[in-house]
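# Structure assessment
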Amino acid sequence: MTKIDEKLEPILAEVLRRNAGELEFHQAVIEVMESLGRVIAKKPHYADHALIERLCEPERQIIFRVPWVDDAGQVQINRGFRVQFNSALGPYKGGLRFHPSVNLGIIKFLGFEQIFKNALTGLPIGGGKGGSDFNPRGRSEGEIMRFCQSFMTELQRHLGEYTDVPAGDIGVGGREIGYLFGQFKRLTNRYEAGVLTGKGLVYGGSRARTEATGFGATYFVSSMLATRSMDFEGRKCVVSGSGNVATYTIEKIRQFGGIVIACSDSSGYIIDEDGIDLELLKEIKQVRRERISQYVQMKGAGARYVEDGSIWDVPCEVAMPSATQNELTGKDASTLVKNGVIAVGEGANMPCTPEAVRIFQGAGVLFGPGKAANAGGVATSALEMQQNASRDSWSFEKTEERLAGIMRNIHDNCAETAEEYGAPGDYVLGANIVGFERVAAAMTAFGVI
Ligand code: GLU
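Let me sum up the structure you'll find in this document. The shown structure was predicted, so the numbers you read here are calculated from the model rather than taken from an experiment. (Residues numbered from 1 in each chain as written. Predicted model: local features only at pLDDT ≥ 70, side-chain atom pairs only at ≥ 80, totals over all residues. Heavy atoms only, no water.)

This part takes up the sheet that holds strand E4 (residues 127-132). In spatial order, the strands read E1-E2-E4-E3-E5; together these five strands make up an open sheet with mixed pairing. Edge positions in the sheet fall to strand E1 (60-69) and strand E5 (164-167), since each of these pairs with one other strand and no more. With direction set aside, neighbouring strand axes in the sheet form an average angle of 20°. When strand E3 (residues 92-98) meets E5, the two strands line up parallel, connected through four bridges. Across the sheet, residue Lys 93 finds its bridge partner in E5, namely Val 165. (Pairing = 2+ DSSP bridges. Helix = DSSP H or I, 4+ residues; strand = E, 2+ residues; numbered from the N terminus. Axes fitted to C-alpha atoms, helices over the stretch in contact; angles between N-to-C directions.)

Structural data, given as structure tokens:
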């Protein structure tokens, strides 16, 4: 662990104490605290008025019961969460995650990351996150719909286009957003399109929102490569995951001339040296909603499925972890470095453990942290809000151009700030400082609230 500034040490100790056991939240806070020493050395007023303590304490945390009836007529109970972390820059903004691993600590880590990520986009959005420990795997359409309706029945009282604007995350895609929006509209009797993002195109969604996180992460890595006069052309890449982020990362890498040879799900990974067949992957994951092991049977010769192994054993030059938190360990990082990786871009939120990040940075690997690299999704959500507010609908080209510009800015701001603070090439430091300074400036203007 990098040494924490002595002024920040007691603040961190208190955050860890009063959020006992929330390990992912601790991890996210520690990483930011490691960067803030340099800021308060230059600008000590940011440590005044307990600003950093306030930043680490969510403005509001909502936990609620979600009862629903399954297909067998049994009553099921899940727990719903919404952490409205910080609204200094705009309404709370951040996705909803439906996954059995969801608990308050996970939602708090995601919400905390979201504050800085959203600030980095330069768009007027605060940070929040929510979700449920509901497991959508194996559930019927009817069960998913009833769960979403029950979840929104409670959550709706806390939302609004000027208050809190959720979107998707793991387990929440276009289908779930449709059910959630339908229920919101029904309960409130308002067609408030800007209350959710990731909506379908026919009811206020934005073109390129589906693709945005993966496309944006690839743009970010492309900018990092350009700092060393390199690009994706002909490079072997590995993208973990096979959901929304991974799928559109694979698509954009292919457009940039790279070859993605492996992707994964929580059961195993596939290797296809010809390059992953994207149409087949979409058919399996998006249309049939099946496991990626199906890929090998459908593709036939050339592809291989490895159950339970680590996808990071596959040699590659660019690695884009796009599945979930802490999926890439120190051991995986050492293997990737040994195999000649040159760039790592986090498509998921906090997929690399702190040890893995240290190994990459220590070995001179270009490393793009999630709060910068995967900000394209939420940035395009903010563009969706803009379109909703002006009752407009932009072309795919216009939206993607805005996304590409935003990603370039995020990259350049992080790189310049890292340099300014004496750590050239440290995108973790750059991202934390740029995000922090924007939020801190607004919080300072508001006084103690
Ligand atoms: N869940 C995504 C993220 O981690 C998107 C959030 C949004 O669009 O509000 O940034």
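Anyway, onward from the coordinates.
This part is about the nonpolar core. Of all hydrophobic cores here, the largest spans 53 residues; its most connected members are Phe 220, Val 221, Phe 232, Met 320 and Ile 410. If one sorts the elements of this core by residue count, helix H7 (residues 209-226) sits on top with eight residues. Contact partners of Ile 410, with chain neighbours within four places excluded, come to Leu 120, Thr 121, Phe 220, Ala 372 and Ala 375. Met 33, Ile 40, Ile 106 and Val 439 belong to the second-largest nonpolar core, a separate cluster that totals 42 residues. (Core = buried A, V, L, I, M, F, W, Y, C linked by side-chain atoms within 4.5 Å. Buried < 20%, exposed > 50% of the residue type's maximum accessible area, 1.4 Å probe, protein only. Contact = heavy atoms within 4.5 Å.)

For the rest of this paragraph, the subject is the sheet that holds strand E6 (residues 236-239). An order of E9-E8-E7-E6-E10-E11-E12 is seen for the seven strands of this open sheet, with the pairing classed as mixed. The open sheet has two free edges, formed respectively by strand E9 (303-307) and strand E12 (366-368), since each of these has just one partner strand. Looking at each pair of strands side by side, their axes are set apart by 15° on average, direction ignored. Here three bridges tie strand E11 (residues 343-345) to E12, and the two strands are oriented parallel to one another. Within the sheet, the bridge partner assigned to Gly 345 lies in E12 and is Gly 368. Where H7 meets the sheet, it contacts strand E10 (318-320), E11 and E12, and its direction lies at approximately 150° from that of E12.

Okay, the site of the ligand next. Lys 93, Lys 117, Gly 168, Asp 169 and Ser 381 are the nearest of the 13 residues found near the ligand. Contacts to the ligand include Lys 93, whose side-chain N or O atom sits 2.7 Å from an oxygen atom. Ser 381 places a side-chain nitrogen or oxygen 2.6 Å from an oxygen atom of the ligand. Broken down by secondary-structure element, the contributors of at least two residues to the shell around the ligand are E3, helix H4 (104-120) and helix H14 (376-389). Each residue belonging to the shell around the ligand can be placed in one class, and the counts come to two nonpolar, six polar and five charged. (Near = heavy atom within 4 Å. Polar contact = N/O pair within 3.5 Å; in protein donor to acceptor, adjacent residues only side chain to side chain. Nonpolar A, V, L, I, M, F, W, Y, C, P; charged D, E, K, R; others polar.)

Take helix H5 (residues 141-155) next. The first and last C-alpha atoms of H5 sit 21 Å apart over 15 residues, in line with the 21 Å expected at 1.5 Å per residue. Buried residues of H5: Glu 143, Ile 144, Phe 147, Cys 148, Ser 150, Phe 151, Met 152 and Leu 155, and no others. Looking at the buried residues of H5, the elements they touch are E1, strand E2 (75-86), E3, E4, E5 and helix H6 (174-188). (Expected span 1.5 Å × (residues − 1).)

Where charged atoms from two side chains of opposite charge come close, those side chains can pair. On inspection of all chains with the given rule, the structure shows 28 salt bridges. A salt bridge links Arg 175 to Glu 141, with the nearest nitrogen and oxygen atoms 3.0 Å apart. Taken as a pair, Arg 175 in helix H6 and Glu 141 in helix H5 lie far apart in primary sequence, 34 residues in all. Judged by relative accessible area, which is 43%, Glu 141 ranks as partly exposed. A salt bridge links Asp 274 to Lys 299; the nearest nitrogen and oxygen atoms lie 3.5 Å apart. In this pair, Asp 274 sits in the loop between strand E8 (268-272) and helix H9 (278-287) while Lys 299 sits in helix H10 (residues 294-299), placing the two residues 25 residues apart along the sequence. In this structure Lys 299 comes out as partly exposed when scored by relative accessible area, which is 26%. (Salt bridge = Lys/Arg side-chain N within 4 Å of Asp/Glu carboxyl O.)

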